[in-house]
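Listed here are the chains, written in short residue letters.
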Amino acid sequence: MSTISKNKEELLAAIKDTFAKLDKDLEGISLEMARNSEMDGHAKGTTMSVCDLLAYLIGWGELVLSWNRQTQNGEVINFPTPDFKWTELGLLAQQFYKDYQHLDFSELRIRLKETVERLLILVASMTDESLYGTPFYKHYPFGRMVQLNSSAPYKNARTRLRKWKKLN
């Protein structure tokens, strides 16, 4: 699903659909293979493992959830994080890898499922107006920021994973 969601129903469907396909692609990968750093990384000239890829997806999901918490608390959000600028996304990706390196592949899969579930609950609790009615970051509404950091990277992750599986 490569279309841009325009309402809550489409966003929920995009997240569910892309995550279900990704999760199916993760089946059958051994704990040992999941730690091999043979996939192109998120920063130019780097490599990553399947575990790193999952850490990246968890990191972005948790970041979206934190943006919502900050908004609910009336806090000013430093996008994407207080420690990283939009021009440092490769470094942020590497931070996500480090943040979750203590979890093994099966634990990362569980954590990703939990993060996706929390995103789905959040989106389901919101109205179309709160998701798409006003800008959240620059001209992007919150629903678009959710999609850019959930279903869109899940689709990208599938492409990387399937390429890696063919080589292995």
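The sections below set out a description of the structure shown in this document. Please read all numbers here as calculations on a predicted model, not as lab measurements.

## Re helix H3 (residues 50-72)
Taking 1.5 Å per residue, 23 residues should reach 33 Å; H3 reaches 33 Å between its end C-alpha atoms and fits that length. Taking burial as the measure, the 23 residues of H3 include 20 buried ones, the bulk of the element. Between a side-chain oxygen at the N-terminus of H3 and the backbone nitrogen of cysteine 51 the separation is 3.3 Å; the capping residue is serine 49. Looking one or two residues beyond H3, the residue adopting positive phi is glycine 74, at roughly 70 degrees.

## Details of a negative patch on the surface
Together, Glu9, Glu10, Asp128 and Glu129 make up a negatively charged patch on the protein surface. Among the elements of the structure, helix H1 (8-26) and helix H6 (128-132) are those that each provide at least two residues to the negative patch. If you trace the backbone, glutamate 10 turns up in helix H1. Residue glutamate 10 is classed as partly exposed on the basis of its relative accessible area, which comes to 34%.

## Some thoughts on the packing of H3 against helix H8 (residues 151-167)
Contact geometry for H3 and H8: axes closest at 11 Å, N-to-C directions at 180 degrees. Taken together, H3 and H8 sit at an angle that is classed as roughly antiparallel. Where H3 approaches H8, its residues Val50, Leu53 and Leu57 are matched on the opposing element by Pro153, Tyr154, Ala157, Arg160, Leu161 and Trp164. When its residues are assigned to classes, the contact of H3 with H8 shows eight nonpolar, no polar and one charged.

## Section: unusual backbone geometry
Outside of glycine, negative phi angles account for most residues, and trans bonds account for most peptide bonds. For the peptide bond that leads from phenylalanine 79 to proline 80, omega is -10 degrees, which places it in the cis range. By secondary structure assignment, the location of proline 80 is in the loop between H3 and helix H4 (89-99). The phi torsion at lysine 138 lies on the positive side, around 50 degrees, for a residue other than glycine. By secondary structure assignment, the location of lysine 138 is in the loop between strand E3 (135-137) and strand E4 (140-141).

## So, the side chain of serine 151
Here serine 151 shows up in helix H8. When neighbours within four sequence positions are excluded, serine 151 is seen to be in contact with Ala14, Ile15 and Thr18.

## Remarks on the side chain of threonine 115
When you line up the elements, threonine 115 lands in helix H5 (residues 105-125). Once residues lying within four places of it in the same chain are set aside, the contact partners of threonine 115 are Ile58, Gly61, Glu62 and Leu65.

## Considerations on the packing of H3 against H4
The geometry of H3 relative to H4 is characterised by a closest axis approach of 8 Å and an angle of 105 degrees between their N-to-C directions. When the interaxial angle is binned, H3 and H4 end up roughly perpendicular. For the pair formed by H3 and H4, the contact residues are Asp52, Ala55, Tyr56, Gly59, Trp60 and Leu63 on the first element and Leu89, Leu92, Ala93, Phe96 and Tyr97 on the second. In the contact of H3 with H4, the residues fall into nine nonpolar, one polar and one charged.

## Describing H5
Across its 21 residues, H5 extends 30 Å between first and last C-alpha, which sits within 8% of the 30 Å expected from 1.5 Å per residue. For H5, the complete set of buried residues consists of Phe105, Leu108, Arg109, Leu112, Thr115, Val116, Leu119, Leu120, Leu122 and Val123. Buried residues of H5, seen end-on, are gathered within an arc of 160 degrees and therefore sit on one face of the element. Set apart from the buried face of H5 by more than 90 degrees, the exposed residues are Ile121 and Ser125.

Rules behind the numbers
- Residues numbered from 1 in each chain as written.
- Predicted model: local features only at pLDDT ≥ 70, side-chain atom pairs only at ≥ 80, totals over all residues.
- Heavy atoms only, no water.
- Helix = DSSP H or I, 4+ residues; strand = E, 2+ residues; numbered from the N terminus.
- Expected span 1.5 Å × (residues − 1).
- Buried < 20%, exposed > 50% of the residue type's maximum accessible area, 1.4 Å probe, protein only.
- Polar contact = N/O pair within 3.5 Å; in protein donor to acceptor, adjacent residues only side chain to side chain.
- Patch = residues over 30% accessible without salt bridge, like charges linked within 9 Å, V, L, I, M, F, W, Y side chains within 5 Å.
- Areas by Shrake-Rupley, 256 points an atom, 1.4 Å probe, with all protein chains shown as cover.
- Salt bridge = Lys/Arg side-chain N within 4 Å of Asp/Glu carboxyl O.
- Lys, Arg positive; Asp, Glu negative; His and termini not counted.
- Charge placed at Lys NZ, Arg CZ, Asp CG, Glu CD.
- Axes fitted to C-alpha atoms, helices over the stretch in contact; angles between N-to-C directions.
- Parallel < 35°, antiparallel > 145°, perpendicular 65-115°, else oblique.
- Contact = heavy atoms within 4.5 Å.
- Nonpolar A, V, L, I, M, F, W, Y, C, P; charged D, E, K, R; others polar.
- Arc of directions from axis to C-beta.

These figures capture arrangement, not role.
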